[in-house]
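Listed here are the chains, written in short residue letters.
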Amino acid sequence: MASLFDPITLGAVNAPNRILMAPLTRGRADKGAVPTAIMAEYYAQRADAGLIISEATGISREGLGWPYAPGLWTDEQAAAWKLVTDAVHAKGGRIVAQLWHMGRQVHSAVTGTQPVSSSETRTEGQAHTYEGKQDFEVARALDEGDIARILDDYARATKNALAAGFDGVQVHAANGYLIDQFLRDGANKRTDRYGGSPENRTRLLREVVERVIGEAGAGRTSVRLSPNGDSQGVDDSNPQAVFVPAAKLLNDFGIGFLELREPGPNGTFGKTDVPPLSPQIREAFTGPLVLNSDYFDRAEAQAKIDEGVADAISFGRAFLANPDLVERLRTDAPLNDSNPRTWYSQGPEGYIDYPRLDEAKAA
Ligand SMILES: Cc1cc2nc3c(=O)[nH]c(=O)nc-3n(C[C@H](O)[C@H](O)[C@H](O)COP(=O)(O)O)c2cc1C
């Protein structure tokens, strides 16, 4: 039986343990979506992770509406990311870039253009902008020409990620963002070949993954899905009917790993009564399966591996607040709590100052 501390091959990436860092938006880039120096320090502090999945990173201005989030559509952004990947590699770590198009979850005050989505819809609630929160706007439905352009954006961002020294890329197809807005029938009302049947709703995912693999190879490509329950207003009437075929098509591509974010009924960052689909997805996807949400101790994470459902676990808030999470889990040491007030604030506070065990002891 595998232990959390055993190595695992994730496609072309050899991870020394099964404790992955989940993608975490932290808002520490500049207004041009260019990574800053403290980002290199933050990620290097967490280089003990089996693999770091970067914060969601925009493939284009159209697709990036989160204030101070980074991008990968310009050479300047890629050059700044190189300082991050170099710092992680110098500490013996590995890092892949999570590629992001937010679809309708943006505001034109940040992107400069009307939000886009599968259909002409509007998210309930308010978007983060540089001027505070503002009501979401009605999205424009993408036409086939737009989709071709977005596929090019994914290919360019992948090329830039590799040039920036990333060990691979993760396609962000979860959490109610653009690809999820195509996958799930609560947001996708299209009547063309991108809407209706599960096969049509998975078409954008398939085309994106095809283009990313074309640049990076399947072994350096991974995908994140959030199959169960509402994610930021995006939901499906029959998740199994679309996500099991989606997992099957990713299996056929031979991607490096598939990560599932599956909150439970008592989740502390999103919760749902819709049961997780990981048991069914496990049948359809035979590569490494990484599970996420609400793992805060070794026993729970190990139990999921022992059950045979997961090959590795990704930790979000626990890694955010514990740079030495691997060591803490190994020794069953208590964890620092993360402070939500500084999750997305700029600057070093609540970012690079969470203490390691040895620092806490010395203090
Ligand atoms: C501050 C913060 C930022 C996040 N940013 C992202 C992101 O950029 N991409 C993503 O896929 N999920 C993001 N998530 C979701 C996490 O990856 C993860 O699914 C969630 O925190 C639940 O896992 P945990 O219980 O281990 O924290 C974020 C969560 C938090 C708390």
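The structure presented is a predicted model; accordingly, all values stated were derived computationally and were not measured.

## Some remarks on the site of the ligand
Thought 1: Around the ligand, the surrounding shell holds 19 residues, and the nearest of these are Pro23, Thr25, Asn292, Asp294 and Arg317.
Thought 2: In this structure, asparagine 175 approaches the ligand through a side-chain N or O atom, which is 3.3 Å from a nitrogen atom.
Thought 3: In the complex, 97% of the free accessible area of the ligand, which totals 610 Å², lies under the protein chains.
Thought 4: Among the cavities detected, the one that contains the ligand is the largest pocket.
Thought 5: Split into classes, the residues belonging to the shell around the ligand amount to eight nonpolar, seven polar and four charged.

## A short note on the nonpolar core
Thought 1: Residues Val223, Leu250, Leu258 and Phe315 are the most contacted members of the largest nonpolar core, which totals 82 residues.
Thought 2: In this structure, phenylalanine 315 is in contact with Ile19, Leu20, Met21, Ala22, Asn292, Tyr295, Ala301, Leu325 and Leu329, ignoring residues within four places of it in sequence.

## Section: the pairing of strand E8 (residues 132-135)
Thought 1: Inspection of the sheet shows strand E7 (residues 126-129) paired to E8 by four bridges, in the antiparallel sense. Within E8, the position partnered with glutamine 126 by the bridge is aspartate 135.

## Description of the layout of surface pockets
Thought 1: Volume-wise, the largest pocket comes out at about 1,000 Å³.
Thought 2: Those elements giving two or more residues to the lining of the largest pocket turn out to be strand E5 (95-100), E7, strand E14 (312-315) and helix H11 (317-321).
Thought 3: Considered as a void within the structure, the second largest pocket measures approximately 300 Å³ in volume.
Thought 4: Around the second largest pocket, the lining is made up of 15 residues, and of these Glu262, Gly264, Ser293, Asp294 and Tyr295 lie nearest the centre.
Thought 5: If you list the elements that add at least two residues to the lining of the second largest pocket, you get strand E13 (289-292) and helix H10 (298-306).

## Some details on unusual backbone geometry
Thought 1: In this model, glutamine 232 sits at a positive phi of 50°, which is unusual for a non-glycine residue.
Thought 2: The residue glutamine 232 is located in the loop between strand E11 (221-225) and helix H8 (239-253) in this model.
Thought 3: A relative accessible area of 40% means that glutamine 232 is categorised as partly exposed.
Thought 4: Here aspartate 294, not a glycine, exhibits a phi torsion of approximately 65°, which is positive.
Thought 5: Topologically, aspartate 294 is positioned in the loop between E13 and H10.

## Re the pattern of salt bridges
Thought 1: Under the counting rule described, the total for this entry stands at 22 salt bridges.
Thought 2: Among the salt bridges present, the one from aspartate 236 reaches arginine 201, with a minimum N-O distance of 2.9 Å. Placement of the pair is aspartate 236 in the loop between E11 and H8 and arginine 201 in helix H6 (residues 198-201), with a sequence separation of 35 residues. Side by side, aspartate 236 and arginine 201 carry an identical accessibility label, which is buried.
Thought 3: As a salt-bridge pair, aspartate 311 and arginine 282 come within 2.7 Å of each other at their nearest N and O atoms. With aspartate 311 in the loop between H10 and E14 and arginine 282 in helix H9 (residues 278-284), this pair connects stretches of sequence that are 29 residues apart.
Thought 4: Residue classification places aspartate 311 among the buried residues on the basis of a relative accessible area of 18%.
Thought 5: By relative accessible area, arginine 282 is classed as partly exposed at 21%.
Thought 6: Each of the salt bridges in this network shares a partner with another, and the network as a whole consists of Glu62, Arg140, Asp146, Arg149, Asp153 and Arg156.

## Let's talk about helix H4 (residues 144-163)
Thought 1: Look at H4: 29 Å from first C-alpha to last across 20 residues, which is about the 28 Å you get at 1.5 Å a residue.
Thought 2: What H4 keeps buried is the set Asp146, Ile147, Ile150, Leu151, Asp153, Tyr154, Ala155, Ala157, Thr158, Asn160 and Ala161.
Thought 3: Where the residues of H4 are buried, they touch helix H2 (75-90), E5, strand E9 (140-141), strand E10 (169-172), helix H5 (178-183) and helix H7 (203-216).
Thought 4: Two residues or fewer past H4, glycine 165 is found with a positive phi of approximately 90°.

Cut-offs used in this document
- Residues numbered from 1 in each chain as written.
- Predicted model: local features only at pLDDT ≥ 70, side-chain atom pairs only at ≥ 80, totals over all residues.
- Heavy atoms only, no water.
- Near = heavy atom within 4 Å.
- Polar contact = N/O pair within 3.5 Å; in protein donor to acceptor, adjacent residues only side chain to side chain.
- Areas by Shrake-Rupley, 256 points an atom, 1.4 Å probe, with all protein chains shown as cover.
- 1 Å grid on protein atoms, 1.4 Å probe; cavity = no way out; pocket = protein on both sides within 12 Å on 5 of 7 lines; lining within 4 Å.
- Sits in = over half its atoms within 2 Å of the grid points.
- Nonpolar A, V, L, I, M, F, W, Y, C, P; charged D, E, K, R; others polar.
- Core = buried A, V, L, I, M, F, W, Y, C linked by side-chain atoms within 4.5 Å.
- Buried < 20%, exposed > 50% of the residue type's maximum accessible area, 1.4 Å probe, protein only.
- Contact = heavy atoms within 4.5 Å.
- Pairing = 2+ DSSP bridges.
- Helix = DSSP H or I, 4+ residues; strand = E, 2+ residues; numbered from the N terminus.
- Points joined across faces, edges and corners; volume = space filled by probe spheres on them.
- Salt bridge = Lys/Arg side-chain N within 4 Å of Asp/Glu carboxyl O.
- Expected span 1.5 Å × (residues − 1).

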